[in-house]
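Next come the chains, spelled out residue by residue.
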Amino acid sequence: MNFPILTSLIALPIIGALALLFVRDDEQNEGIIRNVALVVSVLVFLETLLLWARFDPASAEFQFVERHAWIPSFGITYAVGVDGISLLLLVLTGFLSPLSLLCSWESVHQKSRAFCICMLLLESAMMGVFVSIDLFLFYVFWDAMLIPMYFLIGVWGYERRVYAAVKFILFTISGSVLMLLAILGLAWLHSSATGVYSFDLGQLSEIAIPQRLQVWFFLAFTLAFAIKVPLVPFHTWLPDAHVEAPTAGSVILAGVLLKMGTYGLVRFAFPLFPAAAAAFAPYLATLAVIGIVYGALVAMVQPDMKKLVAYSS
C-alpha cells in the first residue's frame, strides 16, 4: 500500500496542534511551543518537496489519489488528489507556513500556544483545499480555513482587529453559503441523471447541466471565489484584514489565501460550467483589469507598508 502522502499533509499539522494542547502555555514553555510548531511545519514542507519529486509532469491525471467512503448514503467521499495546478500551491503553502511562524517569533508572546495551534490548523485546512477532489470535502476545508484566520486577525491583530476579523468572516461566509447551495444542486442533478448522489469532481464533470442552471451555479461559485481573490467590488475586506492582521496572517493572506479564489475558478467553476464561463469571461476580465489599475493607483499613495501590500495584491 502506498504511503498516503496527501492525507499526511492534512493530518500532520492537526497532530501537531493536538500535541501542543498538552504543553502548558507559560513563558517557560514558550520556546518548546514555538519549536514544536516550527518542526511540524518544516516536516510538512519537506513532504511537499517529496510530493514534487515524485510527481509525474507528463500526466494530466490526478496523482496520489486517495478515496475513502465518508457519508455513502449521500455519495460524499474523502477523495484527494493532486495535479499540476495544485502541486505548486501545495509547495508554496508548505514553504510560507514555517516562514510565517518564524516572522512571529519575536512579535507574538501573548497566548503563544493558541497562536501556534491556529497557524497549524490553518495550514492543514489550506492543504485540504488544494487536494480535495470531492466538492463537499472541498467546501468543508474552504470554510474550516476561515476559523483560524478569524482568530489570528481578531486576537493577535492590531487596534481595529475585531472589526477587520468580523468583516473578513462576513464577506467570505456570505459567498460560501451560495457555493454550498450550488454544490448541493450539482449533487441533486447527478442523482436525477444516474440515480445516485455524488460530489466527485470527475463524475460531476460528466453530467449535462442545462444552460440556465449553469449560469446560476457559475455565479454562485464565482461569487465565493471572487470575494477570496478579491475581485472588485468585493475587495473592501482585504485592506482592513491585511493592516490589522499580525505579520504571519498578512503573509498567509497575500501568499496563499488570495490564490485560492483563482484556484477555485480554474479547478471548479470553469470546468464544471464551460458555457457560462465563456459567456461571463469578458465581464470577469473587465473587473480584473479595473482591479489591476485601481489597486496600482491606490497602492502608489499608501504610506503604510501593509496597505501597500494589500492593494498591490
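Here is a short report on the structure shown in this document.

What counts, and at which threshold
For every chain, the first residue of the written sequence is number 1, and numbering continues from 1 along that sequence. Restriction of local features to residues with pLDDT of at least 70 applies here, the model being predicted, together with a cutoff of 80 or more for giving and counting side-chain atom pairs; totals for whole chains, interfaces and linings are based on all residues. Excluded from the side-chain calculations are hydrogens and water; all other atoms, namely the structure's heavy atoms, are used. Pairing of aromatic rings covers Phe, Tyr and the six-membered ring of Trp, with a centre-to-centre limit of 6.5 Å; geometry is then stacked below 30 degrees between planes, edge-to-face above 60, and tilted otherwise. Put simply, DSSP H or I for four residues or longer makes a helix, DSSP E for two residues or longer makes a strand, and each gets a number counted from the N terminus. A simple rule labels every residue: compare its accessible area, found with a 1.4 Å probe on the protein chains alone, to the largest value its type can have, and call it buried under 20%, exposed over 50%, or partly exposed in between. Here, a charge over a ring is recorded when the distance from Lys NZ or Arg CZ to the ring centre is within 6 Å and its angle to the ring normal is within 35 degrees. Whenever Lys or Arg places a side-chain nitrogen within 4 Å of a carboxyl oxygen from Asp or Glu, that contact is recorded as a salt bridge. All axes are obtained by fitting lines to C-alpha atoms, using only the stretch in contact for helices, and the reported angles, taken between N-to-C directions, cover 0 to 180 degrees. Angle categories: roughly parallel below 35 degrees, roughly antiparallel above 145, roughly perpendicular from 65 to 115, and oblique for all the rest. Should the near helix be turned anticlockwise from the far one by less than a right angle, the crossing is termed left-handed; should it be turned clockwise, right-handed. Contact between two residues is taken to exist if any of their heavy atoms lie within 4.5 Å; hydrogens are not considered. Nonpolar core, defined: a set of buried Ala, Val, Leu, Ile, Met, Phe, Trp, Tyr and Cys residues in which side-chain atoms within 4.5 Å join the residues together. Two joining distances apply to patches: 9 Å for like charges and 5 Å for nonpolar side chains (Val, Leu, Ile, Met, Phe, Trp, Tyr), and every residue must have over 30% relative accessible area and no salt bridge. For the accessible areas, the method is Shrake-Rupley and the probe is 1.4 Å, while residue cover comes only from the protein chains on display. Pairs of cysteine sulfur atoms within 2.5 Å are what we label disulfides. Under this grouping Gly is polar, as are all residues other than the nonpolar Ala, Val, Leu, Ile, Met, Phe, Trp, Tyr, Cys and Pro and the charged Asp, Glu, Lys and Arg.

Observations concerning the packing of aromatic side chains
Moving on, step 1. Tallied over the full model, the rule gives 18 aromatic pairs.
Moving on, step 2. Taking the centre distance of 5.7 Å and the plane angle of 55° together, the rings of F45 and F95 count as tilted. Placement of the pair is F45 in helix α2 (residues 30-54) and F95 in helix α3 (residues 84-103), with a sequence separation of 50 residues.
Moving on, step 3. Accessibility expressed as a relative area gives 41% for F95, which makes it partly exposed.
Moving on, step 4. Here the aromatic cluster, defined as three or more aromatic residues joined through ring pairs, consists of F138, W142, F217, F221, F225, F268 and F273.
Moving on, step 5. Above the plane of the ring of W105 lies R34, whose end atom (NZ or CZ) is 5.9 Å from the centre.

Thoughts on the pattern of salt bridges
Moving on, step 1. What the rule picks out here adds up to 5 salt bridges.
Moving on, step 2. One salt bridge in this structure joins R267 and D83, with 2.5 Å as the shortest N-O distance. With a gap of 184 residues between them, R267 in helix α11 (residues 247-272) and D83 in the loop between β2 (76-82) and α3 connect regions that are remote in the sequence. Each member of the pair, R267 as well as D83, carries the same accessibility label: buried.
Moving on, step 3. Members of the salt-bridge network, linked through shared partners, are R160, K167 and D240.

Focus: the packing of helix α9 (residues 211-228) against helix α12 (residues 274-300)
Moving on, step 1. Across the interface, α9 lies against α12 with an axial gap of 8 Å and an inter-helix angle of 50°. Relative to α12, the element α9 is oriented oblique. As for how α9 packs across α12, the hand of that crossing is right-handed. Mapping the contact onto sequence places Q211, Q214, V215, F218, L219 and T222 in α9 and P274, A275, A276, A277, F280 and L284 in α12.

Re the side chain of R267
Moving on, step 1. Assessed through its relative accessible area of 5%, R267 is described here as buried.
Moving on, step 2. Those residues in contact with R267 that sit more than four places away from it in its chain are F62, D83, I85, S86 and L201.

Structural notes on the nonpolar core
Moving on, step 1. Ranked by size, the top nonpolar core spans 93 residues in total, and within it L135, M145 and F221 carry the most contacts.
Moving on, step 2. In terms of residue count, the dominant contributor to this core is helix α4 (residues 112-131) (13 residues).

Points about the environment of P282
Moving on, step 1. Within the element layout of this structure, P282 appears in helix α12.
Moving on, step 2. By relative accessible area, which is 48% here, P282 ends up partly exposed.

Observations concerning a nonpolar patch on the surface
Moving on, step 1. On the surface, V39, V42, L43, L46, L49, W52 and L88 cluster together to form a nonpolar patch covering roughly 600 Å² of accessible area.
Moving on, step 2. It is α2 that provides the largest number of residues to the nonpolar patch, a total of 6 residues.
Moving on, step 3. Along the chain, L43 turns up in helix α2.
Moving on, step 4. Of the residues examined, L43 reaches a relative accessible area of 40% and is grouped as partly exposed.

Considerations on the state of the cysteines
Moving on, step 1. Evaluated as defined, the whole model comprises 0 disulfides.
Moving on, step 2. Left without a disulfide partner, C103 is nearest to the cysteine sulfur of C116, which lies 12 Å away.
Moving on, step 3. C118 provides the cysteine sulfur closest to C116, a residue in no disulfide bond, and the two sulfurs are 9.5 Å apart.

Regarding the packing of α4 against helix α5 (residues 135-144)
Moving on, step 1. For the pair α4 and α5, interaxial distance at closest approach is 8 Å and the crossing angle is 150°. It follows that α4 is roughly antiparallel to α5 by the angle criterion. Where α4 crosses over α5, the handedness of that crossing is left-handed. Here α4 contributes A125, G128 and V129 to the contact with α5, which in turn contributes F138, F141, W142 and A144.
Moving on, step 2. Here the residues of the contact of α4 with α5 sort into 6 nonpolar, 1 polar and no charged.

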